[in-house]
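If you want the building blocks of each chain, they are given just below.
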Amino acid sequence: MGGCFSKPKPVEVKIEVVLPEKERAKEEMSPNGKASPLVYKVNGTARHYHLEEHPITINPYQNVKDVVEASVCHVKDLENGQMREVDLGCGKALLIKENGDYYAMGHKCPHYGAPLVKGVLSKGRVRCPWHGACFSIGTGDIEDFPGLDSLPKFQVKIEKEKVYIRASKQALLMQRRTKVMAKCISLSNYNISSTNVLIIGAGAAGLVCAETLRQEGFSDRIVMCTMDRHLPYDRPKLSKSMDSHLDQITLRPKEFFRTNDIEVLTETQVAAVDIKNKIAVFKDGFKMDYNKLLIATGNTPKALSCKGKEVENVFNIRTPEDANRVVKLASSKNAVIVGASFLGMEVAAYLTEKAHSVSVVELEEVPFKKFFGEKVGQALMKMFENNRVKFYMQTEVSELREQEGKLKEVVLKNGKVLRADVCVIGIGASPATGFLKQSGINIDSKGFIVVNKMMQTNIPGVFAAGDAVTFPLALRNNKKVNIPHWQMAHVHGRIAALNMLAHGTEISTVPYLWTAVFGKSIRYAGHGEGFDDVVFQGDLDELKFVAFYTKNEEVIAVASMNYDPIVSKVAEVMASGRAIRKRDVELFIRHG
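Residues numbered from 1 in each chain as written. Predicted model: local features only at pLDDT ≥ 70, side-chain atom pairs only at ≥ 80, totals over all residues. Heavy atoms only, no water.

An unreviewed UniProt entry lists the chain under the name Apoptosis-inducing factor 3, from Gopherus agassizii. Taken directly from UniProt, the Function (unreviewed entry) text for the chain runs: "Induces apoptosis through a caspase dependent pathway. Reduces mitochondrial membrane potential." Under the UniProt heading Subcellular location (unreviewed entry), the entry covering the chain gives this text: "Mitochondrion". (UniProt positions renumbered as here; feature names shortened; annotations may be inferred.)

Encoded structure:
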């Protein structure tokens, strides 16, 4: 599937459980009529894209039989600040008591299904224990990421000292809610070569930007363009769950983009941006005018520069097809991973049950040393070795040898020769910003786009987000940082969209990331660059620990394994602007 989406036949999207009257009125507005098919030239050939008609109608309150009401507890069963997962007979809900009031909403995080009852409740929101997404207890709306959907909100009433919840059975089943979105006005009248908002890049930042614009009532044209052949998908799963098929990791189905008038140009590349005339020039010569621009191009994997680097079966994991192909080639064969990065280590872990042998080649003496510190790195390295992964540290690749054009051996600079049927390169990446060099947009010495707290570049109307930017991190006294992680890309996209609409919203999130290997997860919050000490609690050898990274006697980051929800607790404290002193770490662990 490629090309440009045009306007669909009238559809109704109703996924709300309990809507305020204002929002309900919005949702019940009549959608626009069908627009003419759009035309886009690719390589000189005009393509017409007619849309299939797939109405989606989910209205949980159209049928009274769909509604369930149940008594879930006595009013004295829950103290202030407590949460409880309650069963309504046909599904569960999360019941919350804060400041004497009761709230009820979906009990699973829409991102990966984490039980929110095990999360952190603080000042009107719940933070997911796994990956840090936050939801308002008053509305169910998502307030911090990762993930795209909000939670269904259920009605609560008190009668005779009993707490009752009224909810839609459909909502209890779905456990997620998509916010009401504006429709695009008169799409059929648009010139194909002109758009109000152009988004270059269709990763998390680009998608969240487009969705946020629609959620905030923006009703003009939005075009996303991407070099990828697919609609936006869950990129972290490429290394964590390499067998995943595209339909398992696609973030939104085709119908979503059609319904919400978000046009997507796939397999298209912007070659230059003319900021004076507000024109994006595509590689095939096509030009598109824009009013507002978001650059969210991500990064480009670094390649090996050694002899034989062009042989077959050497991969950077960039697409679902790459990941699937690596698994197939590694099955009962020899896999070599170059680089003990997050991607490299996740791939190594995933392949241990598939491959005959898995080897990791790395320049440092310990994996993750700069990020997690030496002791955590050593503990993780031991876990990998216990799972049959062989490490070749403090060396690098000097040659890739082939037989009949396909990879056969990896030769290291220390003289060792490794048998290899497939090789994955994970030695870092560079920002994909080469096409902006002559644009006038401010790029730093490393190629990153420089933005302010509102994700604005030095050019009015031009924003940037995701892995390709440096931005001021409030947590570290507005130090300019690059944080190439999934959650941060979501946040960037939302902030950029809000400021395209002149909201004046500044970024203030706490970075949150995770890695998953051998069925275990490491969670991390904050920004530990430049840490000068690590305070441990728990047992590193047993892989049940929490590590507090400090600088100048203050905690700047935290990592944990099997210690939930400590990382989410720390993230919530950091988000509130409070500091955790090094001397208070033990007290914090005991009392949160």
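Still to come is the rest of the account.
Compared with the 18 Å implied by 1.5 Å per residue over 13 residues, the 18 Å span of helix α10 (residues 374–386) between its first and last C-alpha is a close match. Residues Val 376, Gly 377, Ala 379, Leu 380, Met 381, Met 383 and Phe 384 constitute the buried set of α10. Just past α10, the residue Arg 388 takes up positive phi, approximately 75°. (Helix = DSSP H or I, 4+ residues; strand = E, 2+ residues; numbered from the N terminus. Expected span 1.5 Å × (residues − 1). Buried < 20%, exposed > 50% of the residue type's maximum accessible area, 1.4 Å probe, protein only.)

To continue, consider the sheet that holds strand β32 (residues 469–473). Within the open sheet, the three strands sit side by side as β30-β32-β33. Their pairing is mixed. Strands at the two margins of the open sheet, each flanked by one partner only, are β30 (449–450) and β33 (479–481). As paired elements, β32 and β33 share three bridges and run antiparallel to each other. Residue pairing in the sheet places Leu 473 in a bridge with Lys 479 of β33. (Pairing = 2+ DSSP bridges.)

Turning our attention to the sheet that holds strand β7 (residues 120–122). Taking strand neighbours across the sheet as the criterion, the four strands line up as β7-β8-β9-β10 in an open arrangement whose pairing is antiparallel. The open sheet has two edge strands with one neighbour each: β7 and β10 (142–144). Across the sheet, the axes of successive neighbouring strands diverge by a mean angle of 30°, strand direction being ignored. As defined by bridge partners, strand β8 (residues 125–127) adjoins strand β9 (residues 134–136) across three bridges and the pair is classed as antiparallel. The residue of β9 that forms the bridge with Arg 127 is Cys 134. (Axes fitted to C-alpha atoms, helices over the stretch in contact; angles between N-to-C directions.)

Turning next to the nonpolar core. Counting 78 residues, the largest nonpolar core has Val 126, Leu 198, Leu 294, Ile 295 and Phe 471 as the members making the most contacts within it. The greatest single-element share of this core, amounting to eight residues, is contributed by helix α11 (residues 486–500). For this core, the two domains that each supply at least three residues are domain 1 (64–174) and domain 2 (194–300 + 432–501). Among the nonpolar cores identified, the runner-up in size contains 49 residues, and Ala 330, Leu 380, Phe 391 and Phe 545 belong to it. (Core = buried A, V, L, I, M, F, W, Y, C linked by side-chain atoms within 4.5 Å. Domains from an automatic or database assignment.)

With that out of the way, let us pick up empty space enclosed by the protein. Within the structure shown, the criterion is met by three cavities of 30 Å³ or more. Computed from the structure, the largest cavity encloses a volume of approximately 110 Å³. Lining the largest cavity we find 14 residues, and of these Ile 142, Phe 145, Leu 148, Thr 212 and Gln 215 sit closest to its centre. Counting residues per element, the lining of the largest cavity draws most heavily on helix α3 (residues 204–215), which supplies four residues. For the lining of the largest cavity, a count of residues per class yields four nonpolar, five polar and five charged. (1 Å grid on protein atoms, 1.4 Å probe; cavity = no way out; pocket = protein on both sides within 12 Å on 5 of 7 lines; lining within 4 Å. Points joined across faces, edges and corners; volume = space filled by probe spheres on them. Nonpolar A, V, L, I, M, F, W, Y, C, P; charged D, E, K, R; others polar.)

In this section: the packing of aromatic side chains. Following the criterion strictly, the structure yields 15 aromatic pairs and no others. Ring plane angle 85° and centroid distance 5.7 Å describe the contact between Phe 256 and Phe 257, whose orientation is recorded as edge-to-face. Phe 257 carries the same exposure label as Phe 256, and that label is buried. Here the aromatic rings of Phe 372 and Tyr 524 are separated by 5.9 Å at their centres, their planes lie at 65°, and the arrangement is edge-to-face. Remark: Tyr 524 occurs in strand β35 (residues 520–526) and Phe 372 occurs in helix α9 (residues 369–372); sequence separation between them is 152 residues. The pair Phe 372 / Tyr 524 is uniform in exposure class, with both members buried. Just above the ring of Tyr 392 sits the side chain of Lys 390; from NZ or CZ to the centre is 5.7 Å. (Phe/Tyr/Trp six-rings, centres within 6.5 Å; stacked < 30°, edge-to-face > 60°. Lys NZ or Arg CZ within 6 Å of the ring centre and 35° of its normal.)

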